[in-house]
Amino acid sequence: QVQLVESGGGLVQPGGSLTLSCAASGSRFRTYTMAWYRQGPGKQGPGNPHEWVASVNNGGDTIYADSVVGRFTISRDNAKNTAYLQMSSLKAEDTAVYYCNSYPQMFFAWGQGTQVTVSS
C-alpha cells in the first residue's frame, strides 16, 4: 500500500511562488500516473470533492487544469518516489489544502495535505 506525505505549503503573497512535494512509500509509485488535487476554503474534509490540478504520468507527460496553465509545473522523480508541484504567480484563489494521489482514479488513502495560503 502506498502512503503519501505532502509538504512545502505556507503563506505567500499574491504573485509569489512555492514548491510542494509529495513523498510516497513503496516501489509501486513509479507505475502510477500521479496528480495534485486541492480543496479550497469551506470545501475541506472527508466527503468533499478534491479539485484536480495537474497530472504527470510515469513517462513525464503532463496535463493541467485551465486555472493553473502557465503558472504551475508538475514533475516527478521516480528514484526518490516523489512528485512535485512548482507554483508561481500565485493568486488568492489558489488558497487551498493541496494533496497528491493517483490519477484519474485515486487509489491511495489521502495524506494530510499541505496548506497553501495566498494573502497579502
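**Observations concerning unusual backbone geometry**
Next up, step 1: The peptide bond linking tyrosine 103 to proline 104 adopts the cis configuration, its omega dihedral lying at 0 degrees.
Next up, step 2: Mapped onto the secondary structure, proline 104 falls in the loop between strand 9 (96-102) and strand 10 (114-118).
Next up, step 3: For asparagine 81, which is not glycine, the phi dihedral falls at a positive 50 degrees.
Next up, step 4: By secondary structure assignment, the location of asparagine 81 is in the loop between strand 7 (72-77) and strand 8 (82-87).
Next up, step 5: Judged by relative accessible area, asparagine 81 falls into the buried class, the value being 13%.

**Let's talk about the state of the cysteines**
Each disulfide consists of one covalent bond between the sulfur atoms belonging to two cysteines.
Next up, step 1: One pass over the full model with this rule turns up one disulfide.
Next up, step 2: Paired by a disulfide, cysteine 22 and cysteine 100 hold their sulfur atoms 1.9 Å apart. Given an S-S torsion of about 65 degrees, the disulfide between cysteine 22 and cysteine 100 has right-handed geometry. Placement of cysteine 22 in strand 3 (residues 18-24) and of cysteine 100 in strand 9 is noted, with a sequence separation of 78 residues between them.
Next up, step 3: Under the relative-accessibility criterion, cysteine 22 is labelled buried at 0%.

Definitions and cut-offs
- Residues numbered from 1 in each chain as written.
- Predicted model: local features only at pLDDT ≥ 70, side-chain atom pairs only at ≥ 80, totals over all residues.
- Heavy atoms only, no water.
- Helix = DSSP H or I, 4+ residues; strand = E, 2+ residues; numbered from the N terminus.
- Buried < 20%, exposed > 50% of the residue type's maximum accessible area, 1.4 Å probe, protein only.
- Disulfide = S-S within 2.5 Å.

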